[in-house]
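Residue-level structural notes
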Amino acid sequence: MLWGSKSISSYESGALSEVRFVMFNGCSTGVYHSSFGNLVDQAINKGVTCAVGWNNTINISMSDVWTR
C-alpha cells in the first residue's frame, strides 16, 4: 500500500459518524505531528464519537487489557 492510498483525512466530514469507538492499538498512535496531526484527532474530526491512541510505547500485555 502506498503512503497516500488510505488515510482518515481523505474521508469526507462526518463519514465516520456512525462509528462509536475506535482504538488505535499500537505504539505512538496518539502522537501529534505538526504536519499531519494524529490518528485520534482525525477520527474525531470525521465523526467518530470516541477515539483512543497512545503517546508512547504500549506493551502487548497492556494492549491486551485495553482490547478486552
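Our subject is the structure listed above.
This report concerns the structure included in the present document. These numbers come from a predicted model, not from an experiment.

Reading the values: rules and limits
Residues numbered from 1 in each chain as written. Predicted model: local features only at pLDDT ≥ 70, side-chain atom pairs only at ≥ 80, totals over all residues. Heavy atoms only, no water. Core = buried A, V, L, I, M, F, W, Y, C linked by side-chain atoms within 4.5 Å. Buried < 20%, exposed > 50% of the residue type's maximum accessible area, 1.4 Å probe, protein only. Contact = heavy atoms within 4.5 Å. Helix = DSSP H or I, 4+ residues; strand = E, 2+ residues; numbered from the N terminus. Patch = residues over 30% accessible without salt bridge, like charges linked within 9 Å, V, L, I, M, F, W, Y side chains within 5 Å. Areas by Shrake-Rupley, 256 points an atom, 1.4 Å probe, with all protein chains shown as cover. Salt bridge = Lys/Arg side-chain N within 4 Å of Asp/Glu carboxyl O. Phe/Tyr/Trp six-rings, centres within 6.5 Å; stacked < 30°, edge-to-face > 60°. Lys, Arg positive; Asp, Glu negative; His and termini not counted. Polar contact = N/O pair within 3.5 Å; in protein donor to acceptor, adjacent residues only side chain to side chain.

Right, let's get into the nonpolar core. Soluble globular proteins tend to pack their nonpolar side chains together in the buried interior. One finds Ile-8, Leu-16, Val-22, Phe-24, Val-40, Ala-43, Val-48 and Ala-51 forming the largest nonpolar core, which totals eight residues. Not counting residues within four places of it along the chain, the set of residues in contact with Val-40 comprises Phe-24, Thr-29, Gly-30, Ala-51, Val-52 and Gly-53.

A word on unusual backbone geometry. Outside of glycine, negative phi angles account for most residues, and trans bonds account for most peptide bonds. Its identity is not glycine, yet Ser-28 carries a phi of approximately 60°, on the positive side. Among the secondary structure elements, Ser-28 is positioned in the loop between β1 (21-23) and α1 (39-45).

Attention now goes to a nonpolar patch on the surface. Judged by side-chain polarity, Met-62, Val-65 and Trp-66 come together as a nonpolar surface patch covering roughly 300 Å² of accessible area. Along the chain, Met-62 falls in helix α2 (residues 60-67). Met-62 sits in the partly exposed class, given a relative accessible area of 42%.

Okay, the environment of Tyr-32 next. Tracing the backbone shows Tyr-32 in the loop between β1 and α1. Along the backbone, Tyr-32 and Asn-55 are 23 residues apart, and their C-alpha atoms lie at a distance of 8.2 Å. Contact partners of Tyr-32, with chain neighbours within four places excluded, come to Gly-37, Asn-38 and Asp-41.

Here we come to the packing of aromatic side chains. The tally for this structure, following the rule as stated, stands at one aromatic pair. When the ring of Trp-54 is compared with that of Trp-66, the centres are 5.1 Å apart and the planes differ by 75°; the resulting orientation is edge-to-face. Here Trp-54 is found in the loop between β2 (50-52) and α2, whereas its partner Trp-66 is found in helix α2, with 12 residues between them in sequence. According to the relative accessible area criterion, Trp-54 is buried, its value standing at 14%. Among the residues examined, Trp-66 registers a relative accessible area of 45% and is labelled partly exposed.

Right, let's talk about the side chain of Lys-46 for a bit. Relative to the assigned elements, Lys-46 resides in the loop between α1 and β2. Glu-12 provides the closest opposite charge to the buried, salt-bridge-free Lys-46, at an N-O distance of 8.9 Å. For Lys-46, the side chain forms a polar contact with the main-chain oxygen of Tyr-11, separated by 2.8 Å. Excluding anything up to four places from it in sequence, Lys-46 contacts Ile-8, Ser-9, Tyr-11, Glu-12, Ser-13, Gly-14, Ala-15, Leu-16 and Ser-17.

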